[in-house]
Amino acid sequence: MPRLSHCIGTDPAHRKEWGVSDVTGGDLCLALDFGGTKLAAGIVDWRSGHVIQQARCRTGEASGAEGQIADMLELVDGLLAAMPQGVRLTGAGVSFGGPVEAATGTVLQSHHVPGWDGLPLASRLSHRLGLPVLVENDANAVALGELLYGAGRGAVDLVYMTISTGIGGGVILGGELWRGHRGLAGEVGHMVVRPDGPLCTCGNYGCLEALASGLSIARRAREALASGAGSELLALAEGDPQSITAELVFRAARGGDEVAQSVIAAVATDLGLGIAMLCSILDPARVILGGGVAKAGEQLLAPVRESFRRHAFPMLVDRVEIVRAAAIDEGGLLGAAALVARAAARDRTCQMHVGIP
Ligand code: ADP
Ligand code: ZN
């Protein structure tokens, strides 16, 4: 029985026929996105950021690192089998949802799925695929993807912030990823913006993640309801407070719900404060917000900009653009492709060596 039979959400709608223009350029790569619960694989033109084919699935935490690798390889085999004869891939990029040592393509840790710690992912995949493989932390990869193909085009210094289940980030300075001494730079979700704030997953109190991530937005809404405030939210969640999501909070606010509106205002205040802190240190041209919560668009961005203006160093107030990411659902794939693009640009012969065992 194929392993992917236990996956839900493999979406044939993402598949299309290969066109002539897809194969003439010869600048194609494999792009892999390992999330905590979602896997995606794609064939991407790394020069343009055009996703030519993709396949996705959900995978259980229970299957562990080996199960996720097997599922991913099954997605990849499906894509490669449909590829026309003679198409050459430059390499493979991997966006991984956890800290990695990019220089060796080794996973350092995964908070959610067992078996990843210390796993040499680049060499494992490189052996199996016969391609050079580059591995990067997901938020870093997506930051690079936005720089090359998306909302970061034309910028040299930018901060990318993903507001998803948690909050992560990537920093580009002087056109290059800023990884830091230990590869931990850009962990913007763990900036303490309110020392008296709630407990964070990292063990500290008042981190941005504990205030403004998707899970935290839902928790703040539940807390507001528990304090007795009347709201439509509970009805939207079919009477179960545990079913409240960030998405529902934004929907209720659009419908005029005052509790939801005040939760979003408080969340946006915290995000704007965090962004002001980052900007006074890094002075980026642009701050890009991605992740599922950023799908709320201007409903989130407008109050975040307002809070930023209230808290920012005065010389920066009107100078930093705060924009939505260009790619949200495909951000990981484009980030992975951007790794290949960067490596190819560094090596004029387009022969990448990183990740070849
Ligand atoms: P993951 O953390 O698994 O990468 P996402 O980046 O999709 O997942 O983020 C999930 C979060 O985004 C959830 O909290 C969800 O409620 C929220 N979300 C999804 N769509 C929207 C939307 N349109 N508006 C606001 N929040 C949203
Ligand atoms: Zn934290």
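An account of the accompanying structure is given in this report. (Residues numbered from 1 in each chain as written. Chains lettered and ligands numbered in written order. Predicted model: local features only at pLDDT ≥ 70, side-chain atom pairs only at ≥ 80, totals over all residues. Heavy atoms only, no water.)

**Side note on helix 11 (residues 331-346)**
Argument step 1. Over its 16 residues, helix 11 extends 22 Å from the first C-alpha to the last, a length consistent with the 22 Å expected when each residue adds 1.5 Å.
Argument step 2. Summarising burial for helix 11: 14 of the 16 residues are buried, a large majority. (Helix = DSSP H or I, 4+ residues; strand = E, 2+ residues; numbered from the N terminus. Expected span 1.5 Å × (residues − 1). Buried < 20%, exposed > 50% of the residue type's maximum accessible area, 1.4 Å probe, protein only.)

**A closer look at the sheet that holds strand 7 (residues 133-137)**
Argument step 1. Strands sit in the order 3-2-1-4-7 across an open sheet of five strands; the sheet is mixed. Either end of the sheet is taken by a strand with one partner, and the two such strands are strand 3 (50-58) and strand 7. Within the sheet, the average angular offset between the axes of one strand and its neighbour, ignoring direction, is 15°.
Argument step 2. Sheet strands in contact with helix 4 (residues 138-149) are strand 4 (89-96) and strand 7, and its direction is about 105° off that of strand 7.
Argument step 3. Contacts from helix 11 reach strand 1 (28-34), strand 2 (38-45), strand 3, strand 4 and strand 7 within the one sheet, and its direction differs from that of strand 4 by about 130°. (Pairing = 2+ DSSP bridges. Axes fitted to C-alpha atoms, helices over the stretch in contact; angles between N-to-C directions. Contact = heavy atoms within 4.5 Å.)

**Focus: the coordination of the zinc ion (ligand 2)**
Argument step 1. In the first shell of the zinc ion (ligand 2), the protein supplies H190 (ND1), C200 (SG), C202 (SG) and C207 (SG), at 2.0 to 2.3 Å from the metal.
Argument step 2. Every donor counted, the four donor atoms about the zinc ion (ligand 2) form angles of 105 to 121° at the centre, which fits tetrahedral coordination.
Argument step 3. For the zinc ion (ligand 2), the donor residues sit on a single chain with the sequence spacing H-x9-C-x1-C-x4-C.
Argument step 4. Of the residues examined, C202 reaches a relative accessible area of 41% and is grouped as partly exposed. (Donors = N, O, S within 2.8 Å, 3.2 Å for Na, K, Ca; no water. Tetrahedral: all angles 85-135°; square planar, octahedral: opposite > 155°, others 65-115°.)

**Examining the packing of aromatic side chains**
Argument step 1. Counting across every chain of the model gives three aromatic pairs.
Argument step 2. When the ring of F34 is compared with that of F96, the centres are 6.1 Å apart and the planes differ by 45°; the resulting orientation is tilted. Of this pair, F34 sits in strand 1 while F96 sits in strand 4, and the two are 62 residues apart along the sequence. Residue F34 shares its accessibility class with F96, and that shared class is buried.
Argument step 3. With a centroid separation of 5.5 Å and an interplanar angle of 80°, the aromatic rings of F34 and W116 are classed as edge-to-face. Taken together, the residues F34 in strand 1 and W116 in the loop between strand 6 (106-107) and helix 3 (121-129) connect sequence positions 82 residues apart.
Argument step 4. For F34, a relative accessible area of 1% translates into the label buried.
Argument step 5. Put simply, the rings of F34, F96 and W116 touch in pairs and so form one group of aromatic residues. (Phe/Tyr/Trp six-rings, centres within 6.5 Å; stacked < 30°, edge-to-face > 60°.)

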